[in-house]
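Per-entry structural report
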Amino acid sequence: MNDPRTAVLVTPDELATDLGLGGPDPTPGVPVVLDVRWALAAAGQTFDGRAHYLLGHVPGAVFADMETELAAEPSPTAGRHPLPSTAQLQTAARRWGVRDDSRVVVYDATGGMAAARAWWLLRYFGLRDVRILDGGLPAWTRAGHPLEVDDVEAEPGDVVLSHGHLPTLDASGAAALAAGDAGVLLDARAGERYRGETEPIDPRAGHIPGAVSAPTSDNLAADGTFLPTAQLRERFAALGVGGGRVGVYCGSGVTAAHEAAALAAAGIEAALYPGSWSQWSNDPSRPVATGA
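For the structure given in this document, a descriptive report is provided here. Everything numeric here is computed off the predicted structure, so don't read it as measured data.

**A word on the overall build of the protein chain**
Within the protein chain one finds 11 helices and 9 strands. For 292 residues, the compact-globule formula gives about 19 Å, and the C-alpha radius of gyration of the protein chain, at 18 Å, lands near that figure. By principal-axis analysis of the C-alpha atoms, the protein chain measures approximately 55 × 40 × 35 Å. Of the contacts made within the protein chain by residues no fewer than 6 positions apart, 76% connect residues no fewer than 24 positions apart. Averaging the coordinates of the 21 positive side-chain charges in the protein chain and doing the same for the 35 negative ones gives two points 5 Å apart.

**Side note on the side chain of histidine 81**
Counting through the fold element by element, histidine 81 comes out in the loop between helix H3 (66–69) and helix H4 (86–96). A distance of 3.2 Å separates a polar atom in the side chain of histidine 81 from a polar atom in the side chain of glutamate 67. Looking at histidine 81, its side chain comes within polar contact range of the side chain of serine 252, at 2.7 Å. Beyond its immediate sequence surroundings of up to four residues, histidine 81 is in contact with Trp38, Met66, Glu67, Ala71, Arg117, Ser252, Val254 and Pro274.

**Brief notes about the environment of proline 12**
As for its placement among the helices and strands, proline 12 is situated in helix H1 (residues 12–18). Since its relative accessible area comes to 12%, proline 12 is described here as buried. Along the sequence, proline 12 and aspartate 134 sit 122 residues apart, while their C-alpha atoms lie 7.2 Å from each other. In this structure, proline 12 is in contact with Leu133, Asp134, Ala139, Trp140, Ala143 and His145, ignoring residues within four places of it in sequence.

Parameters and conventions
- Residues numbered from 1 in each chain as written.
- Predicted model: local features only at pLDDT ≥ 70, side-chain atom pairs only at ≥ 80, totals over all residues.
- Heavy atoms only, no water.
- Helix = DSSP H or I, 4+ residues; strand = E, 2+ residues; numbered from the N terminus.
- Rg over C-alpha atoms; globule rule 2.2 N^0.38 Å.
- Contact = heavy atoms within 4.5 Å.
- Lys, Arg positive; Asp, Glu negative; His and termini not counted.
- Charge placed at Lys NZ, Arg CZ, Asp CG, Glu CD.
- Polar contact = N/O pair within 3.5 Å; in protein donor to acceptor, adjacent residues only side chain to side chain.
- Buried < 20%, exposed > 50% of the residue type's maximum accessible area, 1.4 Å probe, protein only.

Printed below as a string of structure tokens:
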């Protein structure tokens, strides 16, 4: 039986072979590689992913910007990182060099926490072969593979995207699932945010009533790679993931994609709530729970 993680993750050595970086001949059809370095910055600050990209990146990788390409304009009603429109993402994907038959690999330097957003979006908008570099740039450099510093401008692609190829939840759907509607809703944020002990950015602290705390960081081993498939299955089973539906949310729909990726690597499909806590907590009609 095939390990489902092979459709979600790629190792540094596998990517290096695909790119023809020494050793065997490259696999036909060199993948499009996207550098998706991003981090949630403190209030009043920004994280300059492009600056990190220019200091060194996987050879041939194109920088993908979280705020301008992987999300629409934020708003209290839609959340901090609403899904981009089909036209917005298609324009970005063509800039990255993506074609309809492209294989795409995405990475960051934080265990896939940001790159998973690109992985999920590209699959949601219709691309079939999208994988996350397991362990990201740190794993790439640990394996002894080279970096380059040029700002790569890809030959424009011609991909045609369409939305709706992965399941999603709106606020009402998330509420129903959390209330025990034949499934489980996982909260991918850190435990202290779930419990309502702190809330650094959104207007109310706490979680969707009935949601289960499932911090995204627990999907990873100490070296930043995803846990083995068997351990991921054990983790999610312990959280109540069984035969019913599974939903995931986080602060703004970014790290929830990492939870969806970990579930997919374990062979479990999950619906993502794009608005997540940033949308829910801005709606005074929505109840909030606190505590463990």
